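Per-entry structural report
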Amino acid sequence: MDYIINAQNITKDFDGFKAVDGLSLQVKKGEVFGFLGPNGAGKTTSINMIVGLLKPTSGQILINGEDVQKIDKGLIGICPQELVLWDNLTCKESLTLIGDMYEVPKKILKQRVNKLLKDLLLTYKADTVVTKLSGGMKRRLNLALALVHEPEIIVLDEPSEGLDPQSKRVLWNYIKSLRDDEGKTVILTTHLMDEADKLSNRVAIIDHGQLIRLDTPENLKKEIGEGDVVEMKLSKPQMNNEIIKSLKSIQNILSVVEVDGVINLRAMDAVSKLPKIMDKVESAGVQIADISVRQNTLEDVFIELTGSSLRE
Amino acid sequence: MKFLSIAIKDLKEILRDRRGFFFILLFPMLFMLVFGFAFGGMGGNTPHNLAVINYDQGSVLPNNQSVNFGNNLTQILENAKYPNSNVYVFNVTQPSESNADQQLKQRKIDAELIIPQNFSQASVSLINNTISSTTNTPSASSSNITSTLIIRGDTGYINFGTTQGILTGILSQYKDEIVIDTQNNVRGTPGAQPTEYLNSKVEPIAGTGDYTTFDYLAPGMIVFAIILLATTVAASLTREVDKGTLARLKLSKMRGFDLLFGGLIPWSLVVVAQVIILLAVAIIIGFHWQGGLNSILLAILVGVIGGIASISLAMIIAAFAKNDRQAANLGTLITVPTSFLVGAFFPLPQEPIGTFMGQSFQIYDFIPWTHTLNALRSVLTYGGGWNDISFQVGISVLLTIILFVIGVALFSRTRLRAES
C-alpha cells in the first residue's frame, strides 16, 4: 500500500497531560483523510506533529518514508484552524510572500496566485488588505496560503469553522477538486459530521488523544448497523434511565442510549416501532416533549463508539 | 533573496499600521518638545536673577580717599555683559535680606549675594598689604582683615548652580584685579578705573556660544527613541509568534537569517526617519546643531548601529514574551531604565573601572547605546567629525554584534525551531 504519511505510536505529553496517546495511523496518497473528534480530542496537536511544528514526546512520523523533520519543506501545506494572516497585507501580497518563502519562481507564482484568487472567488479582493475582508474571505485566503506552493499534502484544520453555507459549499467543492483533479492528499480535521462524511475517503475517530476507529464513512455507519435513529426528549428527564430500560425490551431495538438528556434509540424501520415506543413512555406516566426520526449518521457512529455526543 | 521579501513585507506592515508608526515617531518627539521647552533656555545668554544685599560701610584708602568697594562690586555685577553680546550677565536687584530670602524660596531670584560690613576694610587691608609687600616697607596701617561674601541660594535649584558658579569666578577675579591694579599703581603703571578692575569672563564652551542644557539633552532624546524602538520591534516579533504567522513562515523554506536580517532593513529605515525627524524638531525648538550635512550622515550611521542594537534587544525580549502586550511591558521595563543608564536624560557620574585603548571605561560603557549617545553628542552638539567618533562607533559596533548574536541565538532557539 502506498502510504504517504505514517505516524507510529506518537504521544504528546504537556506537563503530565496526554494530549495524544499512542496514536498510529497511515494516510494513503491521494485520499481525503478525515480526522474526526470533538474539540480538545487531540486533533490539532496530532496535526502539528504530523506537519513537523511540534515534536512528539515519543513515536515517529514518516512522510514518504522520511522523518518529518528532514523532509522537503514544500511537501506540506497547512491551513490552520485559526486565521493566520498578516492584517496589513493584501490578498495578493500575502500569497506572493508565501510563494517567495517556498521559492516558487516569480512567473509561475504570478499565475498561481491569480488562479488561486479566481478559484477561491477572491479576484475582486486581490488588492484589499486583510483587515477589510469578510470572515468568509479571510477563511478562503487562509486556505489559499496553504496551497500557493502546490504541496503534495494539504492539511486543513477545521476549515469550515465559522463559514456561511455559501462559503462552505465553495470550500467543499474545492477540497474535492484538490483530490480528484490534482491528486493531492488532504488531511481534514473536523468536528462536523456531514463534512467528514461527504468529503473523506477514510475517517479516523479520535477522542482523548486516542484513535478509536479508522475506516471509510460507509463501513463505520454499517458497523453500528444501518437503520434509523429516534431522538426523544421527555417531560420528566429524571425518568430517562427507567424509560431506557423499558424501551430495550421492545423487539428489534438495536440500541438505546441517553445523550445530553435526549434518548437516542436506533432501530431498523423505526417508524413502524413508534406506537410501541410511545406506549412504553406513556405507560410510565411520562409525556414526550419532542420526538424526531432521522437516518443514521457518522455522529451516531461517534455516539455509539464514545458514549457521548460531539463536544463543540 | 527571501530576506528581501520579508523586508518588504515588514516595511508595508509598519507603514500601513499608521497608529503604530506615528506612535514610534510621536512619542520621542513629545519628549523632545518637553525637554526642549524645559531646558532650552538654560545655561545660555540669559541674565541670572541676582539679589545683592550690600552691608558695606566703606573705608579710606592710604591716599585718604573714601571708597565703598561694596558699591563698586555691585556696579560691576550690574554692568557685566556676556562676551560679544549686549545681554547682561545678571539682573541685579537690591532688596532687603529678608525679602531676598523670601524671593529665593519662591525661586523668583536665582541667588543672593551678601556683601558684609567690612568688605571695603578688607579690600583696603588687601591694598595696604599689597603695597607693603611690593615696596618691602612695613605699612603703619597694615593689618589683616578678612571679609566673607555670602552667596545664598537653593542648592537643589539648577539655576542657583549656574549663578553661583559665575559669581564665584567673578569674585575671585575681583580680588586678583585689586592686587594687580595696586601693584601697577605702586610701580607707576597707569592704573585702571575702578569699574574696569575686572571684566566678566564667563566663557562658553568653544564653538557653542549659545550652549544650553537642551543642546546637551537633545541627542539623548534621539537615543531614547532608538532604545524605545526595542519595545515596538519586540511587540511586532511576538505578534508574529502569537498570531501564528511565524509558524506559517517556519513551515516554509525561510531561514532564521531571512526573518531576522529581513526585519533589520525596515526597522533601520525607521531609525533613519527617527534621527532626521527628531533632529529637525530639536533644531526648530532651539537645538544649536553643529557640523553641517556631514554630521547628519554620521548621525544616521551612528543611529542605525544603535537601532540594530535595539532590534537585537527586541529579539531577546521576544524570545521570552508570550504575547505582544507582555513584550511591550517587558520592553518598557528594560528600555526606560536603560535610557537613564546610558545618560539620555542627565549626565552620569564618572566612576571609571579601567582604561581601554587610552580611554577610561565606566560600567555603563558596556551598553552599546552609551556610545551611540556619545557619538551623537560629538557630531551634533560639538560639531565633531569621523575622527572624533571613530572610537565610539567601533565600540558600539562591537557591543551591537555581541548583542545581535545573543538575540539571534535566543530567538532562534525559542521561536524558530519545532516546539518540543
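Residues numbered from 1 in each chain as written. Chains lettered and ligands numbered in written order. Predicted model: local features only at pLDDT ≥ 70, side-chain atom pairs only at ≥ 80, totals over all residues. Heavy atoms only, no water.

A few words on the packing of helix α2 (residues 18–39) of chain B against helix α7 (residues 213–242) of chain B. Residue and element names in this part refer to chain B. At a minimum axis distance of 9 Å, the contact between α2 and α7 shows a crossing angle of 160 degrees. As judged from the angle between their axes, α2 and α7 are roughly antiparallel. In the crossing of α2 with α7, the sense of the turn from one axis to the other is right-handed. Of α7, the residues touching α2 (which contributes Ile-24, Phe-27, Pro-28, Phe-31, Met-32, Phe-35, Gly-36 and Phe-39) are Thr-213, Phe-214, Leu-217, Ala-218, Met-221, Ile-222, Phe-224, Ala-225, Leu-228, Leu-229 and Thr-232. (Axes fitted to C-alpha atoms, helices over the stretch in contact; angles between N-to-C directions. Helix = DSSP H or I, 4+ residues; strand = E, 2+ residues; numbered from the N terminus. Parallel < 35°, antiparallel > 145°, perpendicular 65-115°, else oblique. Left-handed = near helix turned anticlockwise from the far one by under 90°. Contact = heavy atoms within 4.5 Å.)

Bringing the domain arrangement of chain A into the picture now. Structurally, chain A comprises domain 1 (3–221) and domain 2 (227–295). Centre-to-centre separation of domain 1 of chain A and domain 2 of chain A, based on C-alpha positions: 40 Å. (Domains from an automatic or database assignment.)

Residue and element names in this part refer to chain B. Tracing the chain through its elements places Ser-312 in helix α10 (residues 292–320). C-alpha separation for the pair Ser-312 and Ile-265, spaced 47 residues apart in sequence, amounts to 13 Å. Once you skip the residues sitting within four places of it in the chain, Ser-312 turns out to touch Thr-400, Leu-403, Phe-404 and Gly-407. Among the polar contacts made by the side chain of Ser-312, one reaches the main-chain carbonyl oxygen of Ile-308 at a distance of 2.7 Å. (Polar contact = N/O pair within 3.5 Å; in protein donor to acceptor, adjacent residues only side chain to side chain.)

With that settled, consider the sheet that holds strand β3 (residues 32–36) of chain A. Residue and element names in this part refer to chain A. If you walk across this open sheet you meet the six strands as β6-β7-β8-β3-β9-β10, and the pairing is mixed. The open sheet has two edge strands, β6 (76–79) and β10 (210–215), and neither has a second partner. With direction set aside, neighbouring strand axes in the sheet form an average angle of 15 degrees. Note: β6 against strand β7 (residues 153–157), four bridges, orientation parallel. What sits directly across from Ile-78, in β7, is Val-155. Helix α4 (residues 135–147) rests against β6 and β7 of the sheet, and its axis sits at about 170 degrees to β6. (Pairing = 2+ DSSP bridges.)

Further remarks concern the packing of α4 of chain A against helix α5 (residues 165–180) of chain A. All names here are of chain A. The interhelical angle for the contact between α4 and α5, taken along N-to-C directions, is 15 degrees, at an axis separation of 10 Å. Viewed along their axes, α4 and α5 adopt a mutual orientation that is roughly parallel. The two elements α4 and α5 meet at a crossing, and its hand is right-handed. When α4 is examined against α5, the residues Gly-136, Arg-140, Leu-143 and Leu-147 are found in contact with a partner set consisting of Ser-167, Val-170, Leu-171, Tyr-174 and Leu-178. Among the residues making up the contact of α4 with α5, the classes are represented as six nonpolar, two polar and one charged. (Nonpolar A, V, L, I, M, F, W, Y, C, P; charged D, E, K, R; others polar.)

Many authors give the size of an interface as the accessible area that is lost as the parts come together. Taken together, the 31 residues of chain A in the interface contact 23 residues of chain B. When chain A packs against chain B, close to 2,500 Å² is buried across both sides, 58% of that on carbon and sulfur atoms. Summed over the three residues of chain A that lose the most area to chain B, namely Leu-53, Trp-86 and Met-101 of chain A, the buried surface amounts to 28% of that side. Applying the counting criterion to the chain A and chain B interface returns five salt bridges. Of the charged contacts in the structure, one is a salt bridge between Arg-16 of chain B and Glu-93 of chain A, with a shortest N-O distance of 2.6 Å. (Buried area = accessible area lost by both parts, 1.4 Å probe. Salt bridge = Lys/Arg side-chain N within 4 Å of Asp/Glu carboxyl O.)

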